[in-house]
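# Per-entry structural report
Chain residues, written in single-letter form:
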Amino acid sequence: MLVNAHTHLDQCWAAKFRPKTPVPFHNWLLRQTRRDQNMLQSETGEKRIQAGIEEGIAELLAAGTTHVGDVTRTGLSVQPLVDSGLSGVIYLDILGLEPNVGDFLLQRATHILDGFRDQAANGRPGSNLQIGLSLNALYNTSFKTVEKIVAFCETEAVPLCVHAAESDQENEALIDGTGLLFDLPGHLGSDLRPEVTEIGVIPTLEKLGVLDLKPLLLHMNYATKDDLDIVKNTGAVIVHCPRASHILKNRPALLRHMLKKEIPVALGTESLALVETLDVRDEAEFAKELHAGMVFAGAIDNMLTGA
Ligand SMILES: [Zn+2]
């Protein structure tokens, strides 16, 4: 068993734009969001995204991956993953400060889930896969939509993941209503801004009922020891993606404290738009160097197999 708990296969096409040296998170996010929009609007966009997904799956299989947690904005990775024989969860990405965008994506998710279940009922291959939802992040999703995501996952009994505390600016946006992520929608031409709760990302996720769903918490670089106390005993699993954190100038997650508090941790590569390979063993090697002297290498090896 080899688990890569976080990928974005529909960004494999953007591997050629991978930063070679560390860049600030918000700069990269702004550029990649624009690139994604342009790609989806171009005539050959879907085909090029599909070709990237096929290459990404081939790389996962060549690395010996057995289980994957893929976040898909386009939904285009669903069928190729079903056909691949891989196990795991395909998380349909939901976001949008405009409630109608969230509603549209949730409707599409319902449609994809129904189709997936119909195929399963007819004995299709890929029954080792599940469909889930991804709450992309609190700074780019209206809380009305977050409530609907939570209700959807409860009603349909499907898993959830969320990008959480990846950047320190997430807390700044939520607590103070300031900072680069707070202003990001303006740079993308929107008048809307993220909601302000005056509390950090993890307490907000708790308040909105997200933690009750035992989500995969992606990144968690800026989760504090107090945040980890909230997370422990919820059944949530943290996905550590140290190479992506490094290239985006985010601080390394408090892995030693996560393990000390007995919170389950998995490893994920994130996307080829950020890291060189989808081989999660490369992520483990990077993590071992990063946390040398603080975390036993054997504990990191265990994360590869979900032990
Ligand atoms: Zn991600």
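Our subject is the structure listed above.
First, a word on scope: everything that follows refers to the structure included in this document.

Cut-offs and rules
- Residues numbered from 1 in each chain as written.
- Predicted model: local features only at pLDDT ≥ 70, side-chain atom pairs only at ≥ 80, totals over all residues.
- Axes fitted to C-alpha atoms, helices over the stretch in contact; angles between N-to-C directions.
- Helix = DSSP H or I, 4+ residues; strand = E, 2+ residues; numbered from the N terminus.
- Contact = placed C-beta atoms within 7 Å.
- Nonpolar A, V, L, I, M, F, W, Y, C, P; charged D, E, K, R; others polar.
- Buried ≥ 20, exposed ≤ 12 C-beta atoms within 10 Å, placed from the backbone.
- Pairing = 2+ DSSP bridges.
- Core = buried A, V, L, I, M, F, W, Y, C linked by C-beta atoms within 7 Å.

Attention now moves to the packing of helix α1 (residues 25-41) against helix α2 (residues 45-62). Any two packed helices are characterised by how steeply their axes cross, that is the angle between the axes, and by the distance between the axes. Where α1 meets α2, the axes come as close as 6 Å, and the angle between the chain directions of the two elements is 115°. Here α1 contributes Met-39, Leu-40 and Gln-41 to the contact with α2, which in turn contributes Gly-45, Arg-48 and Ile-49. Tallied by class, residues from the contact of α1 with α2 come to three nonpolar, two polar and one charged.

Next up on the list: unusual backbone geometry. Even without being a glycine, Glu-198 presents a positive backbone phi close to 65°. Residue placement: Glu-198 occurs in the loop between α7 (180-187) and α8 (201-207). Overall, Glu-198 belongs to the exposed group, with 10 C-beta atoms counted inside 10 Å. If you check the backbone angles, His-219 has positive phi at about 85° while not being a glycine. When you line up the elements, His-219 lands in strand β6 (residues 216-219).

Before going further, it helps to spend a moment on the pairing of strand β3 (residues 87-94). Of all eight residues making up β3, seven are buried, and the element is well covered by its neighbours. When strand β2 (residues 67-72) meets β3, the two strands line up parallel, connected through six bridges. Within β3, the residue paired with His-67 across the bridge is Ser-87. Pairing of β3 with strand β4 (residues 129-135), which is carried by seven bridges, proceeds in the parallel orientation. Counted as the bridge partner of Asp-93 is Ser-134 from β4.

Turning to the sheet that holds β6, a few remarks are in order. A sheet is described by the order of its strands in space; here eight strands give the open sequence β1-β2-β3-β4-β5-β6-β7-β8, paired in parallel fashion. Looking at strand neighbours, the two that pair on one side only are β1 (3-7) and β8 (265-267), the edges of this open sheet. This sheet shows a mean twist of 25° between the axes of neighbouring strands, independent of strand direction. Sheet analysis places strand β7 (residues 237-240) next to β8, joined by three bridges and oriented parallel. Residue pairing for β8: Ile-238 is matched across the bridge by Val-265. Helix α5 (residues 143-156) contacts β3, β4 and β5 (160-164) of the sheet and is inclined by roughly 160° relative to β4. Against the sheet, helix α12 (residues 280-290) touches β1, β7 and β8, its axis set at about 120° to β8.

Moving on, we come to the environment of Cys-12. Residue placement: Cys-12 occurs in the loop between β1 and α1. As a C-alpha pair, Cys-12 and Ala-51 span 39 residues in sequence and 8.6 Å in three-dimensional space. Not counting chain neighbours up to four residues away, the residues in contact with Cys-12 comprise Gly-52, Ile-53, Glu-55, Gly-56 and Leu-272.

Let us look at the environment of Phe-143. Take Phe-143: it is sitting in helix α5. Not counting chain neighbours up to four residues away, the residues in contact with Phe-143 comprise Glu-195 and Leu-208.

Because side chains alternate across β7, one face comprises the buried residues Val-237 and Val-239, and the other comprises Ile-238 and His-240, equally buried. Judged from the three bridges that link them, β6 and β7 form a sheet pairing that is parallel. Within the sheet, the bridge partner assigned to Leu-218 lies in β7 and is Val-239.

Further remarks concern the nonpolar core. Core analysis: the largest hydrophobic core is formed by 86 residues, its most contacted members being Leu-133, Val-162, Ala-164, Leu-217 and Val-239. Discounting chain neighbours no more than four positions away, the residues touching Leu-217 are Val-162, Ala-164, Val-231, Ala-236, Ile-238 and Val-239.

These values are about where atoms sit, not about what they do.
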